Amino acid sequence: MNFNYRKEIGEIKRVFSSLVLMAPFVYPLLALPITITVGEKYPLAATNGITLFINIEKWNKLTFKNKLFVALHEWMHIALMHSKRLRTRNRKIFNYACDFSINSMIQTDLKEFEMPIGLFDLCYYNKSTEEIYKDLDDEIKFRQENNIKPICITCKQKFQKEDYSKVYSEDIEKCPVCLRPTPDGNSIKKIDNRIKREEAINQLM
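Because the structure is predicted, anything quoted here is derived from the model rather than measured. (Residues numbered from 1 in each chain as written. Predicted model: local features only at pLDDT ≥ 70, side-chain atom pairs only at ≥ 80, totals over all residues. Heavy atoms only, no water.)

By size, the foremost hydrophobic cluster in this structure holds 31 residues, and its most contacted members are Ile-12, Phe-16, Leu-19, Trp-59, Leu-72, Ile-106 and Phe-113. Elements with a contribution of two residues or more to this core: α1 (6-22), β1 (35-39), β3 (51-55), α2 (56-59), α3 (64-79) and α5 (91-109). For this core, the element with the highest residue contribution is α3, accounting for 8 residues. Once you skip the residues sitting within four places of it in the chain, Trp-59 turns out to touch Glu-11, Ile-12, Val-15, Phe-16, Leu-44, Ile-54, Lys-67 and Val-70. Core analysis: the second largest hydrophobic core is formed by 17 residues, Phe-100, Leu-136, Ile-140 and Ala-200 among them. (Core = buried A, V, L, I, M, F, W, Y, C linked by side-chain atoms within 4.5 Å. Buried < 20%, exposed > 50% of the residue type's maximum accessible area, 1.4 Å probe, protein only. Helix = DSSP H or I, 4+ residues; strand = E, 2+ residues; numbered from the N terminus. Contact = heavy atoms within 4.5 Å.)

Shown next, in the form of structure tokens:
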């Protein structure tokens, strides 16, 4: 245990334990020898199948229902042995496929959990991670081979990632025009917190 975050890790463990009350099927998972590592350099949450990595700054901004969703999401990565199923596949595409698979199950079948932000598209409901991976991988390869540009989630127009300077994230969802701030200085916001298939492909290309 990282003693600098003893209090925070204790709170995270209590959230994970609370899953049993809302999703009893996770009870066997709580017996797994999983360690929790807390810091500020991680994404919101991640796991390698042995250790859970939590970005404490982002975690603390979540509601309790958001935390329950994230906790269940990470436990399902472990239960479904995603780290062992990667094999020779592209790690980033496979991780997206895993997230689509898990989130579709939680968001559709366990509505009491609230997804803070994540990959979700009904087209992937009841599909395995491997099926989703093949769909994403095939589509990305097809677009790359045919020089098909990403499509803006706001105006639906095609654009080139090369239009951006290096200061922008590689996870581009909007074209340069729509990414510009509105007259009041705010950027054009997404309608909801879901990242759908088209947006995911933009990010992966």
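Scanning all chains against the criterion turns up 8 salt bridges. With a closest N to O distance of 3.2 Å, Lys-67 and Glu-11 form a salt bridge. Here Glu-11 lies in helix α1 and Lys-67 lies in helix α3, a separation of 56 residues in the sequence. With its nearest N and O atoms 2.8 Å apart, the salt bridge here joins Glu-130 to Arg-85. Of this pair, Glu-130 sits in helix α6 (residues 129-145) while Arg-85 sits in helix α4 (residues 82-85), and the two are 45 residues apart along the sequence. Judged by relative accessible area, Glu-130 falls into the partly exposed class, the value being 27%. One salt-bridge network, held together by shared partners, links Asp-135, Glu-139, Arg-143, Arg-197 and Glu-198. (Salt bridge = Lys/Arg side-chain N within 4 Å of Asp/Glu carboxyl O.)

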